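The lines below spell out each chain.
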Amino acid sequence: MIPVLEKLAAGYRAFRTLYFETNKTLYRRLVKDGQKPKVAVIACSDSRVDPALVLQAEPGDIFSIRNVANLVPPFEVDGDVSYHGTSAALEFAVTCLGVEHVVVFGHAHCAGINAMVQGQQGGDVAGTFIPAWTSIAARAFERAKHEEPCSEGEDLLRCCERNAVLVSLDNLMSFPFIHERVADGRLQIHGWYLDIAEGALATYDPATKTFVPVS
Ligand SMILES: [Zn+2]
């Protein structure tokens, strides 16, 4: 087998003998009763930011939605047929599974946010789909500039990454099925941010408008 795939196949074998055998009852119960996760997590597709690993979640714990830069698009219904992967996943998590929490899981050194910043600074963003998708977070650039007018370089990127989480929280509320459940208390939404170099997680506190380290 190709070495990089053999590494993954070896991982699978370890999963079978070490994890699956020990947790067989859990898997069987999740098949019999179905999944009932209480938390949906919107994380980046970045290979370094696996929410199940970072949060040490077990099967059935979190419903993961992953995309470039952990973005939530605004609610929109197009006239023509189009495909809203993230919106469909959110709809399923909230209206079908009835999750009680939605977490936007941002992270440092995000290539998607870097692309957005480049675009906002007048640079070319490569790709057919990446420029439009990452522009969802354009308001984070404005917020970062407004909030810390002197920030640039890596500071600007970190600031945009954190603000992109807040833009996604705002966009979550544009979905009627989320707005309605947040209003009547069935659902809570949260913004988290992972510093991958330090392995440090922080959660957004709306009262102080800051990200507070998780101890
Ligand atoms: Zn990312």
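These numbers were taken from a predicted model, which means no experiment stands behind them. (Residues numbered from 1 in each chain as written. Predicted model: local features only at pLDDT ≥ 70, side-chain atom pairs only at ≥ 80, totals over all residues. Heavy atoms only, no water.)

Caption draft 1: View of the coordination of the zinc ion. Taken together, the protein ligands of the zinc ion are Cys44 (SG), His107 (NE2) and Cys110 (SG), with distances of 2.0 to 2.2 Å. Each donor residue of the zinc ion belongs to the same chain, and together they define the spacing C-x62-H-x2-C. With Cys44 in strand 1 (residues 39-44) and His107 in strand 3 (residues 101-107), this pair connects stretches of sequence that are 63 residues apart. (Donors = N, O, S within 2.8 Å, 3.2 Å for Na, K, Ca; no water. Helix = DSSP H or I, 4+ residues; strand = E, 2+ residues; numbered from the N terminus.)

Caption draft 2: A look at helix 9 (residues 176-183). Every buried residue of helix 9 is accounted for by Phe177, Ile178 and Arg181. All buried residues of helix 9 fall inside an arc of 100° around its axis, so they share one side. Buried residues in helix 9 make contact with helix 4 (85-96), helix 8 (153-172) and strand 4 (188-195). Once helix 9 finishes, Gly185 follows within two positions and takes phi at roughly 90°, a positive value. (Buried < 20%, exposed > 50% of the residue type's maximum accessible area, 1.4 Å probe, protein only. Arc of directions from axis to C-beta. Contact = heavy atoms within 4.5 Å.)

Caption draft 3: Spotlight on the sheet that holds strand 1. Spatial ordering of the open sheet is given by 2-1-3-4-5-6, a layout of six strands whose pairing is mixed. Both edges of this open sheet fall to strand 2 (62-67) and strand 6 (210-213), since each of them pairs with a single strand only. Across the sheet, the mean angle separating the axes of adjacent strands is 30° when strand polarity is ignored. Taken together, the five bridges between strand 1 and strand 3 define a ladder with parallel strand orientation. (Pairing = 2+ DSSP bridges. Axes fitted to C-alpha atoms, helices over the stretch in contact; angles between N-to-C directions.)

Caption draft 4: Spatial organisation of the packing of aromatic side chains. A full pass over the atoms with the stated rule returns 11 aromatic pairs. Plain terms: the ring middles of Phe63 and Phe92 are 5.8 Å apart, the flat faces sit at 45° to each other, and that makes the pair tilted. Pair noted here: Phe63 is in strand 2 and Phe92 is in helix 4, with a separation of 29 residues, a long-range link. Members of the aromatic cluster, connected to one another through ring pairs, are Phe15, Tyr19, Phe20 and Tyr27. (Phe/Tyr/Trp six-rings, centres within 6.5 Å; stacked < 30°, edge-to-face > 60°.)

Caption draft 5: Quick look at a nonpolar patch on the surface. A cluster of nonpolar side chains, Met1, Ile2, Val4, Leu5 and Leu8, forms an exposed patch at the surface whose accessible area comes to about 560 Å². Among the secondary structure elements, Met1 is positioned in the segment before helix 1 (3-20). (Patch = residues over 30% accessible without salt bridge, like charges linked within 9 Å, V, L, I, M, F, W, Y side chains within 5 Å. Areas by Shrake-Rupley, 256 points an atom, 1.4 Å probe, with all protein chains shown as cover. Salt bridge = Lys/Arg side-chain N within 4 Å of Asp/Glu carboxyl O.)

Caption draft 6: A look at the nonpolar core. Membership of the largest hydrophobic core comes to 26 residues, with the highest contact counts inside it found for Ile42, Leu90, Val99, Val102, Leu172 and Ile178. Of all elements in the fold, only strand 1, strand 2, helix 4, strand 3, helix 8, helix 9 and strand 5 (200-205) reach the threshold of two or more residues within this core. If you look at the next biggest cluster of nonpolar residues, it comprises 18 residues, including Ala69, Met116, Phe141 and Leu157. (Core = buried A, V, L, I, M, F, W, Y, C linked by side-chain atoms within 4.5 Å.)

Caption draft 7: Looking closely at the layout of surface pockets. Reported here for the largest pocket is a volume of approximately 220 Å³. Along the walls of the largest pocket sit 13 residues, with Leu169, Ile189, His190, Tyr204 and Pro206 positioned nearest its centre. Among the secondary structure elements, those contributing two or more residues to the lining of the largest pocket are helix 8, strand 4 and strand 5. If one sorts the elements of the lining of the largest pocket by residue count, strand 4 sits on top with five residues. Taken together, the residues of the lining of the largest pocket sort by class into seven nonpolar, four polar and two charged. The volume enclosed by the second largest pocket comes to roughly 190 Å³. Residue lining of the second largest pocket: Pro73, Pro74, Glu76, Tyr83, His84, Gly85, Thr86, Ser87, Trp133 and Ile136, and that is the complete set. Considering every element that reaches the lining of the second largest pocket, the biggest residue donor is helix 4, with three residues. Grouping the amino acids of the lining of the second largest pocket by side-chain chemistry returns five nonpolar, four polar and one charged. (1 Å grid on protein atoms, 1.4 Å probe; cavity = no way out; pocket = protein on both sides within 12 Å on 5 of 7 lines; lining within 4 Å. Points joined across faces, edges and corners; volume = space filled by probe spheres on them. Nonpolar A, V, L, I, M, F, W, Y, C, P; charged D, E, K, R; others polar.)

Caption draft 8: How the structure looks around the side chain of Asp46. Position of Asp46 among the secondary structure elements: in the loop between strand 1 and helix 3 (51-54). The buried category is assigned to Asp46, whose relative accessible area is 13%. Beyond its immediate sequence surroundings of up to four residues, Asp46 is in contact with Arg66, His107 and His109.

Caption draft 9: Geometry of unusual backbone geometry. If you check the backbone angles, Ala69 has positive phi at about 70° while not being a glycine. As for its position among the elements, Ala69 is in the loop between strand 2 and helix 4. The exposure class of Ala69 is buried, given its relative accessible area of 1%. One non-glycine residue, His109, lies in the positive phi region at around 60°.

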